[in-house]
Amino acid sequence: MSKGFRSPGAWLSAVGFALFLLSTTAFAAPPGLMLSYKLTHDMLRTPDNFSVSVYEDGVALVHYPEYMEKAGDYSVELSASEVQQLRLLLEHPLVQGFNPGQARAQKKDIDAQSQELFAISDDSYSNFEVHTPGAAKSIRWANLSIDADRYPEIGVFRKLAEIEAELLSLDQHPTAKAVVE
């Protein structure tokens with residue numbers, strides 16, 4: 001058993017969420033995964049991370065890890081217009097054309113013109129798995145919200161941060177329901 005599952009509570013939470021996912025799949029039969037997202041942190045070496053799966057029919061499954069204030073699992077029913085807004089963000093040319101090497105080069109050019117010294121000692125990684133018609137795209141970026149604020153001229157950071165902010169606040173959605181284990 002891995003270190004993260006030694007506690008009975010963590011084990012029960014994982015089993016409960018897995019059963020929830022299986023039961024949702026069996027009964028609601030979401031037609032397809034549109035987006036999966038996970039937020040990981042360098043200094044928190046745990047398999048229990050914030051994650052979201054959004055399906056084309058508007059079902060969103062959200063997991064807040066036990067170390068977060070909102071710890072638990074949630075189910076959200078997005079409206080057709082909310083799904084369309086998310087789809088438009090995911091299909092945006094900046095997101096679909098995201099090139100990490102190019103983004104790093106843009107950051108480096110901007111930093112070279114600045115006199116500011118800036119460092120982050122604990123990276124947080126935004127991990128997106130985007131599934132659009134006929135294409136799948138994986139995006140992993142360190143400190144996305146910080147880069148979106150520091151480099152407003154790099155549009156893809158703003159787009160990804162906009163998606164991330166929506167996902168992080170899904171527990172506040174009017175249809176959000178805590179999944180009871």
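For the structure, check the block above.
Description of the structure in this document. Everything numeric in this text was worked out from a predicted model, so none of it was measured.

**Let's talk about the pairing of strand β4 (residues 72–77)**
Right, so step 1: Relative to β4, strand β3 (residues 59–64) runs antiparallel, the two being bridged by six bridges. Its bridge partner lying in β4, Val59 is registered against Glu77.
Right, so step 2: Here β4 pairs with strand β7 (residues 177–178) via two bridges, running antiparallel. Bridge pairing links Ser75 to Lys177 in β7.

**Comments concerning the pattern of salt bridges**
Right, so step 1: Following the criterion strictly, the structure yields three salt bridges and no others.
Right, so step 2: Residue Asp171 is joined to Lys70 by a salt bridge in which the shortest nitrogen-to-oxygen separation is 3.3 Å. Taken together, the positions of Asp171 in the loop between α6 (155–168) and β7 and Lys70 in the loop between β3 and β4 put the pair 101 residues apart, joining distant regions of the chain.
Right, so step 3: Judged by its relative accessible area of 32%, Lys70 falls in the partly exposed class.

**Focus: the layout of surface pockets**
Any space left empty among the atoms is revealed by the rolling of a water-sized probe across them.
Right, so step 1: Taken as a whole, the second largest pocket holds about 290 Å³ of empty space.
Right, so step 2: Lining the second largest pocket are 13 residues, with Leu78, Glu82, Gln85, Glu166 and Leu170 sitting closest to its centre.
Right, so step 3: Ranked by residue count, the leading element in the lining of the second largest pocket is helix α2 (residues 80–91), at four residues.

**Remarks on the sheet that holds strand β6 (residues 135–142)**
Right, so step 1: Read across the sheet, seven strands follow the order β6-β5-β1-β2-β3-β4-β7 without closing on themselves; strand pairing throughout is antiparallel. Sheet topology places β6 and β7 at the edges, where each strand pairs with a single neighbour.
Right, so step 2: Note: strand β2 (residues 50–55) against β3, four bridges, orientation antiparallel. Residue pairing across strands places Ser51 opposite His63, the latter belonging to β3.
Right, so step 3: Each of β1 (33–41), β2, β4 and β5 (124–132) is contacted by α2, which is oriented at about 70° to β1, the strand it contacts most.
Right, so step 4: Across the sheet, α6 touches β1, β2, β3, β5 and β6, and the angle it forms with β1 is around 90°.

What counts, and at which threshold
- Residues numbered from 1 in each chain as written.
- Predicted model: local features only at pLDDT ≥ 70, side-chain atom pairs only at ≥ 80, totals over all residues.
- Heavy atoms only, no water.
- Pairing = 2+ DSSP bridges.
- Helix = DSSP H or I, 4+ residues; strand = E, 2+ residues; numbered from the N terminus.
- Salt bridge = Lys/Arg side-chain N within 4 Å of Asp/Glu carboxyl O.
- Buried < 20%, exposed > 50% of the residue type's maximum accessible area, 1.4 Å probe, protein only.
- 1 Å grid on protein atoms, 1.4 Å probe; cavity = no way out; pocket = protein on both sides within 12 Å on 5 of 7 lines; lining within 4 Å.
- Points joined across faces, edges and corners; volume = space filled by probe spheres on them.
- Contact = heavy atoms within 4.5 Å.
- Axes fitted to C-alpha atoms, helices over the stretch in contact; angles between N-to-C directions.

Distances and angles like these do not, on their own, reveal function.
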